[in-house]
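Summary of structural features
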Amino acid sequence: QVQLVESGGGLVQAGGSLRLSCAASGTIFSINRMGWYRQAPGKQRELVALITSDGNTRYADSVKGRFTISRDSAKNTVYLQMNSLRPEDTAVYYCTSTMTTQSWDVPRIYWGQGTQVTVSS
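Thresholds, definitions, all that
Residues numbered from 1 in each chain as written. Predicted model: local features only at pLDDT ≥ 70, side-chain atom pairs only at ≥ 80, totals over all residues. Heavy atoms only, no water. Pairing = 2+ DSSP bridges. Helix = DSSP H or I, 4+ residues; strand = E, 2+ residues; numbered from the N terminus. Phe/Tyr/Trp six-rings, centres within 6.5 Å; stacked < 30°, edge-to-face > 60°. Lys NZ or Arg CZ within 6 Å of the ring centre and 35° of its normal. Buried < 20%, exposed > 50% of the residue type's maximum accessible area, 1.4 Å probe, protein only. Core = buried A, V, L, I, M, F, W, Y, C linked by side-chain atoms within 4.5 Å.

Taken together, the eight bridges between strand E4 (residues 30-39) and strand E9 (residues 91-100) define a ladder with antiparallel strand orientation. Directly across from Gln-39, in E9, lies its bridge partner Val-92. Alignment of E4 against strand E5 (residues 46-51), held across five bridges, turns out to be antiparallel. Note on E5: the bridge partner recorded for Tyr-37 is Leu-47. Linking E4 back to E5 in an antiparallel pair, the connection comprises six residues, with Gly-42 at a positive phi of about 80 degrees.

Laid out in structure tokens, this is it:
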């Protein structure tokens, strides 16, 4: 019933910028955390950035100072502004959200299908 759809990925040269967006839609009662993970070829999935409903954020050490996560609660959308991109940032980026679909239900984790980010040297 609920889905997360990412957009904004693509090919960019090192030093460039991209802005990823992820919109949640469907039957949503509330949204708690929203965030971004990424998975590069041959590596395990890692947390990139996370934002809570009250605006608290945390980032992977490798992206601190370069990436910024934000959210628009009215639009059920989370963003990831990526600056000073490096080839090491190349990965599939997955949006995630902890949401409650019904008032009586417990929060569950949902995932988007991913968007490819490729940074050339």
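Moving on, we get to the packing of aromatic side chains. All chains considered together, the criterion is met by one aromatic pair. Sitting over the face of the ring of Tyr-79, Arg-19 holds its NZ or CZ atom 4.1 Å from the ring centroid.

Another aspect to go through is the pairing of E5. Burial analysis of E5 places five of its six residues in the buried class, which makes it a mostly covered element. By the bridge criterion, three bridges tie E5 to strand E6 (residues 57-59) in an arrangement that is antiparallel. Residue pairing in the sheet places Ile-51 in a bridge with Thr-57 of E6.

This next bit is on the nonpolar core. The biggest cluster of nonpolar side chains holds 28 residues, and the ones touching the most others in it are Trp-36, Val-48, Phe-67, Val-78, Leu-80, Met-82 and Tyr-93. Counting only elements with at least two residues in this core, the list comes to strand E3 (18-25), E4, E5, strand E7 (67-72), strand E8 (77-82), E9 and strand E11 (115-120).

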